[in-house]
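# Coordinate inspection notes
Okay, here's what each chain looks like letter by letter:
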Amino acid sequence: MTKNAQIILKIINESTCHPTAEEIYLRMKEEYGKVVLATVYNNLNSLCEAGLIRKIVMENAPDRFDKTLRHDHLVCDKCGKIADFFMDDLTELLEKKLGDKIYSYDLMCHYICTECKEEAEIDK
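A quick note: this is a predicted structure, and the numbers were derived from the prediction, not measured.

### Things to note about the confidence of the model for the protein
The pLDDT averaged across the protein works out to 92; a share of 98% of its residues lies at or above 70. Looking over the protein, one finds the lowest element-wise mean pLDDT in helix α5 (residues 114–123), namely 85, and the highest in helix α3 (residues 37–49), namely 97.

### Notes on the pairing of strand β3 (residues 72–76)
Along β3, four of the five residues are buried, which leaves the element largely enclosed by surrounding structure. Pairing of β3 with strand β4 (residues 82–85), which is carried by four bridges, proceeds in the antiparallel orientation. Within the sheet, the bridge partner assigned to Asp72 lies in β4 and is Phe85. Where β3 folds back on β4, the antiparallel hairpin that results is connected by five residues, among which Gly80 adopts a positive phi of roughly 85°. Relative to strand β5 (residues 108–111), β3 runs parallel, the two being bridged by four bridges. In the strand pairing of β5, His73 is matched with Met108.

### Observations regarding the nonpolar core
Ranked by size, the top nonpolar core spans 16 residues in total, and within it Ile8, Ile24, Met28, Val40 and Leu44 carry the most contacts. Among the secondary structure elements, those contributing two or more residues to this core are α1 (3–14), α2 (21–32) and α3. With six residues, the top contributor of residues to this core is α1. Ignoring sequence-local partners within four residues, the contact set of Ile8 consists of Ile24, Met28, Val40, Asn43, Leu44 and Leu47.

### As for the state of the cysteines
This structure, assessed with the given rule, holds zero disulfides. Of the cysteine sulfurs around Cys76, a residue in no disulfide, the closest is that of Cys113, at 3.6 Å. Assessed through its relative accessible area of 2%, Cys76 is described here as buried. We note that Cys109 lacks a disulfide partner, and the nearest cysteine sulfur, in Cys76, lies 13 Å from it.

### Some words on the sheet that holds β4
Pairing between sheet strands relies on hydrogen bonds along the backbone, with the strands arranged either parallel or antiparallel. Taken in spatial order, the three strands of this open sheet run β4-β3-β5, and their pairing is mixed. Single-partner strands in this sheet number two, and they are β4 and β5. Each strand axis lies, on average, 30° off the axis of its neighbour in the sheet, ignoring direction.

### Considerations on the packing of α1 against α2
Two elements in contact, α1 and α2, have axes whose closest approach is 11 Å; the angle formed by their N-to-C orientations is 115°. When the axis of α1 is compared with that of α2, the two are roughly perpendicular. Helix-helix and strand crossings are classified by hand; for α1 and α2 the assignment is right-handed. The segment α1 lies against α2, with Asn4, Ile7, Ile8, Lys10, Ile11, Ile12 and Glu14 engaging Ile24, Arg27, Met28 and Tyr32. Class assignment of the residues belonging to the contact of α1 with α2 gives a composition of seven nonpolar, one polar and three charged.

Reading the values: the criteria
Residues numbered from 1 in each chain as written. Predicted model: local features only at pLDDT ≥ 70, side-chain atom pairs only at ≥ 80, totals over all residues. Heavy atoms only, no water. pLDDT = per-residue confidence, 0-100. Helix = DSSP H or I, 4+ residues; strand = E, 2+ residues; numbered from the N terminus. Buried < 20%, exposed > 50% of the residue type's maximum accessible area, 1.4 Å probe, protein only. Pairing = 2+ DSSP bridges. Core = buried A, V, L, I, M, F, W, Y, C linked by side-chain atoms within 4.5 Å. Contact = heavy atoms within 4.5 Å. Disulfide = S-S within 2.5 Å. Axes fitted to C-alpha atoms, helices over the stretch in contact; angles between N-to-C directions. Parallel < 35°, antiparallel > 145°, perpendicular 65-115°, else oblique. Left-handed = near helix turned anticlockwise from the far one by under 90°. Nonpolar A, V, L, I, M, F, W, Y, C, P; charged D, E, K, R; others polar.

Below, the structure written as structure tokens:
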């Protein structure tokens, strides 16, 4: 694994905010100096293909990257914030329903976060 890939993996595994490629690039540039955005994208793709990180594909928004620890996501439909939440693994239940092997799944629940609800109440 290249030095840049190690740095990117460290950034993602220590992050709690599901960073975009651009955010990872800016952090690397700030902390480690010279880096090229294309290098970040290439390493992110390699890390995803190797199963060391996971990509969160967002509609009408840049992809985000996350650690591989088994968890699911809440997405605020108003502000776009992503939050982790932990449920029991649904693999066995899904396999029973489908009658086939499930290799992985991503559960993304959409809601309105507390901050956006409170902001909406203030605006009334």
